[in-house]
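Reading the structure
If you want the building blocks of each chain, they are given just below.
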Amino acid sequence: MININNELKIMHACELGAVGVYRGHKCVARYFFRTNLAELDSMRFHEKSHVEIFKSELINRNARTCRMSPLFFWGGLFYGVFIGMFGLKSIGISTSSIESIVVHELDLVLEKFDNKSSLYGVIQQVKLEELEHKDSGENLAGKNFWLSNFVFKFSRFSAYAAKSLASVL
Ligand SMILES: [Fe+2]
Ligand SMILES: [Fe+2]
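For clarity, every value in this text was computed on a predicted model and none was experimentally measured.

Rules used throughout
Residues numbered from 1 in each chain as written. Chains lettered and ligands numbered in written order. Predicted model: local features only at pLDDT ≥ 70, side-chain atom pairs only at ≥ 80, totals over all residues. Heavy atoms only, no water. Patch = residues over 30% accessible without salt bridge, like charges linked within 9 Å, V, L, I, M, F, W, Y side chains within 5 Å. Areas by Shrake-Rupley, 256 points an atom, 1.4 Å probe, with all protein chains shown as cover. Salt bridge = Lys/Arg side-chain N within 4 Å of Asp/Glu carboxyl O. Helix = DSSP H or I, 4+ residues; strand = E, 2+ residues; numbered from the N terminus. Buried < 20%, exposed > 50% of the residue type's maximum accessible area, 1.4 Å probe, protein only. Expected span 1.5 Å × (residues − 1). Arc of directions from axis to C-beta. Contact = heavy atoms within 4.5 Å. Core = buried A, V, L, I, M, F, W, Y, C linked by side-chain atoms within 4.5 Å. Phe/Tyr/Trp six-rings, centres within 6.5 Å; stacked < 30°, edge-to-face > 60°. Donors = N, O, S within 2.8 Å, 3.2 Å for Na, K, Ca; no water.

Brief notes about a nonpolar patch on the surface
A contiguous nonpolar patch, built from Met 68, Leu 71, Leu 165 and Val 168 and spanning about 390 Å² of accessible area, is present on the exposed surface. Mapping Val 168 onto the fold places it in helix α6 (residues 148–168). On the basis of relative accessible area, Val 168 is assigned to the exposed category, the value being 61%.

Put into structure tokens, the structure is as follows:
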């Protein structure tokens, strides 16, 4: 039996983390690559709306969010600034890597949900925006970035660490 509240709690925390990540990228972009500011900011807006979506689903179910949930935002922010310091390609690789994990995880959640429920449609809507983010990341990343292996591994590690933390908090 799937624990919907727990899935929602994890998704909410991870979306908060994503808001932090794009906020961190934006902080760096403001100084070093202003032309991409709008693109990064639009992703941040999507993530903020995802946070609100999952938060209201949790409220409707009388369920709680993660303990210490602001931690996810701050962790994401720190990560976003760190990755941004290696440049735009680094942001691109991180974005495509994290967003492909998000899409994969949302697919796993969707498999467990009733496809006639309203929540199923909501998550599918979120997934479409995450797919857009993944494409934006791939475009920003381009090819032949010397740190791509490091950024890829670090982003995967961070994304799964956030998910594991969210499931126990
Ligand atoms: Fe999101
Ligand atoms: Fe996203």
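Comments concerning α6
Working note: α-helix, 3.6 residues per turn, so residues spaced by three or four point in the same direction. For α6, spanning 21 residues, the distance from its first C-alpha to its last is 31 Å, which sits close to the expected 30 Å at 1.5 Å a residue. Of all the positions in α6, only Val 151, Ser 155, Ser 158, Ala 159 and Ala 166 are classed as buried. Seen along its axis, α6 keeps its buried residues to an arc of 95 degrees; they face one direction. Seen from the buried face of α6, the exposed residues on the opposite side, beyond 90 degrees, are Lys 153, Phe 157 and Val 168. Of the surrounding secondary structure, the elements contacted by the buried residues of α6 are α1 (4–32), α3 (70–84) and α4 (88–112).

Describing the side chain of Ser 90
Inspection of the secondary structure puts Ser 90 in helix α4. With a relative accessible area of 0%, Ser 90 lands in the buried category. Apart from the residues within four sequence positions on either side, Ser 90 is in contact with Ile 83, Phe 145 and Val 151.

Re the nonpolar core
Core analysis: the biggest nonpolar cluster contains 20 residues, and Leu 40, Ile 91 and Val 151 have the highest contact counts within it. Elements with a contribution of two residues or more to this core: α1, α2 (37–60), α3, α4, α5 (118–141) and α6. Among all residues touching Leu 40, those that are not within four sequence positions of it are Tyr 22, His 25, Ala 29, Ile 91 and Leu 140. By size, the runner-up hydrophobic cluster in this structure holds 13 residues, among which are Leu 8, Met 11, Phe 54 and Val 109.

Here we look at the environment of Ala 38
Mapped onto the secondary structure, Ala 38 falls in helix α2. Exposure remark for Ala 38: the relative accessible area of 58% places this residue in the exposed category.

Some details on the packing of aromatic side chains
Tallying each qualifying case throughout the model produces 7 aromatic pairs. Ring centres of Tyr 79 and Phe 154 lie 5.6 Å apart, and the angle between their planes is 20 degrees; on these two criteria the pair is classed as stacked. Linking Tyr 79 in helix α3 with Phe 154 in helix α6, this pair joins segments that are 75 residues apart in sequence. Owing to a relative accessible area of 7%, Tyr 79 belongs among the buried residues under this scheme. With a relative accessible area of 26%, Phe 154 lands in the partly exposed category.

A closer look at the coordination of the iron ion (ligand 2)
Only Glu 47 (OE), Glu 99 (OE), Glu 99 (OE), Glu 130 (OE) and His 133 (ND1) from the protein reach the iron ion (ligand 2) as donors, at distances of 1.9 to 2.5 Å. Each donor residue of the iron ion (ligand 2) belongs to the same chain, with the gaps between them written as E-x51-E-x30-E-x2-H.

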